[in-house]
Amino acid sequence: MAQPFRPYKHFYSIEEIKEMCRKADPFKPQGSNLVSHFRPPFTDFFTGKSFVFHFDNGTTLTYEFEDLNTLSWSQDGCPSVKEYYEALPSTVSNVYLFHHIRHDRIPFNASTIVVDMDRHLVTWVDLGIGTPESDKNVRTQIVFGWFLEDPGVRHSHTDEMCGVILDWKYSDDFIIRHSYVTTYSMTSPGAPTDNDDEYLFRKTLPTTYVKIRDGLYLVSFIEDEGSEASLLIDLKKLRDVGAFFSLGHDGKFYSYTIGAVAGRGKFGFTGQYSIDYGPEGGS
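Residues numbered from 1 in each chain as written. Predicted model: local features only at pLDDT ≥ 70, side-chain atom pairs only at ≥ 80, totals over all residues. Heavy atoms only, no water.

Draft legend 1. The pairing of strand 7 (residues 109-116), seen in detail. Of all eight residues in strand 7, eight are buried, a share of seventy percent or more. The alternating pattern of strand 7 places Asn109, Ser111, Ile113 and Val115 and Ala110, Thr112, Val114 and Asp116 on opposite faces, both of which are buried. Here strand 6 (residues 95-102) runs beside strand 7; their pairing, made up of eight bridges, is antiparallel. In the sheet register, histidine 99 faces strand 7, and the bridge partner there is threonine 112. In textbook terms, the turn of a hairpin is the stretch between consecutive antiparallel strands, and for strand 6 and strand 7 this stretch comprises six residues. Here strand 7 runs beside strand 8 (residues 121-129); their pairing, made up of seven bridges, is antiparallel. Following the sheet pairing, isoleucine 113 is matched in strand 8 by tryptophan 124. Where strand 7 folds back onto strand 8 in an antiparallel hairpin, the turn is made up of four residues, including histidine 120, whose phi is positive at roughly 60 degrees. (Buried < 20%, exposed > 50% of the residue type's maximum accessible area, 1.4 Å probe, protein only. Helix = DSSP H or I, 4+ residues; strand = E, 2+ residues; numbered from the N terminus. Pairing = 2+ DSSP bridges.)

Draft legend 2. Up close: helix 1 (residues 14-23). For helix 1, the full list of buried residues reads Ile17, Met20 and Cys21. Buried residues in helix 1, looked at end-on, bunch into an arc of 100 degrees, giving them a common side. Turned more than 90 degrees from where helix 1 packs its buried face, Arg22 and Lys23 sit exposed. Among the structural elements, strand 8, strand 17 (239-247) and strand 18 (253-264) are those in contact with the buried residues of helix 1. (Arc of directions from axis to C-beta. Contact = heavy atoms within 4.5 Å.)

Draft legend 3. Seen up close, the pattern of salt bridges. Counted by the stated rule, this structure contains 14 salt bridges. The salt bridge involving arginine 105 is made with aspartate 104; its shortest N-O contact spans 3.8 Å. With a closest N to O distance of 2.6 Å, arginine 177 and aspartate 167 form a salt bridge. With a gap of 10 residues between them, arginine 177 in strand 12 (residues 174-182) and aspartate 167 in strand 11 (residues 165-171) connect regions that are remote in the sequence. (Salt bridge = Lys/Arg side-chain N within 4 Å of Asp/Glu carboxyl O.)

Draft legend 4. The sheet that holds strand 4 (residues 81-84), seen in detail. Reading across from one edge, 4-3-2-1-9-8-7-6-5 is the order of the nine strands in this open sheet, with antiparallel pairing throughout. The sheet is open, and its two edges are formed by strand 4 and strand 5 (86-89), each paired on a single side. On average, adjacent strands in this sheet sit at an angle of 25 degrees to one another, irrespective of strand direction. Alignment of strand 8 against strand 9 (residues 138-146), held across nine bridges, turns out to be antiparallel. Its bridge partner being in strand 9, threonine 123 is matched across the sheet by phenylalanine 144. (Axes fitted to C-alpha atoms, helices over the stretch in contact; angles between N-to-C directions.)

Draft legend 5. Molecular detail of the environment of asparagine 69. With respect to the secondary-structure elements, asparagine 69 resides in the loop between strand 2 (60-65) and strand 3 (70-75). Considered as a pair, asparagine 69 and threonine 47 are 22 residues apart in the sequence and their alpha carbons are 8.6 Å apart. Residues in contact with asparagine 69, not counting those within four places in the same chain, are Phe42, Glu83, Tyr84, Tyr85 and Glu86. A polar contact is formed between the side chain of asparagine 69 and the backbone oxygen of tyrosine 85, at a distance of 2.8 Å. (Polar contact = N/O pair within 3.5 Å; in protein donor to acceptor, adjacent residues only side chain to side chain.)

Pasting the structure below:
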């Protein structure tokens, strides 16, 4: 019989996490084996621009983008904070994603923001460190909003991803399956095993789904060791861009953007992915 699923395996006290924050370099880009040639170049779309984002929870975020990787932001009229950021274009025209750590408080927070220029809509994935299960876990809140003039509509939660199975290729030597099962969960089975109980329940991850455009969805999920990923998925072109935020086992914060290609999978996974290893089949 498989052991019960235990999603939160490591624990740090709040004081330990505060000390990790004090030692972190706020302007040092973070690398990952998930970052590859599938990630598009950082976009300079935001450079020289400023935005005032209004959210339905009453929060206002003001952004000024100095260059390709430097921004200043403020919340509800507070003093501005300068940050390193990364921004990527979606595969859908005039939709962008940008991500940054928020160093105005300890423990750090982070933001992943999707900007829909055509409809003047914005969706904010507000990320923090610490949950009742472990101070290491990332907690999330998704907030909808607008900029310029309120269009009277919003991006919205959706069930349109339910039943979709995608095999994601982040790099030439890393592929993983995501099965979007319910409106609040997904599975990521990992490597096959002869132990059916262990295999079937290895990774059931809490997930939130947002519809940005027809065929374009924001999927935010928490990994079994507490990290968060926000993926902007194009179901027509089978590509995504996204961002990860986590506190690693090495006591360092990881905050970076990614890109990936996908193949459509089917239920009954035997370990054979629907997209090839190597640079062929999706590069």
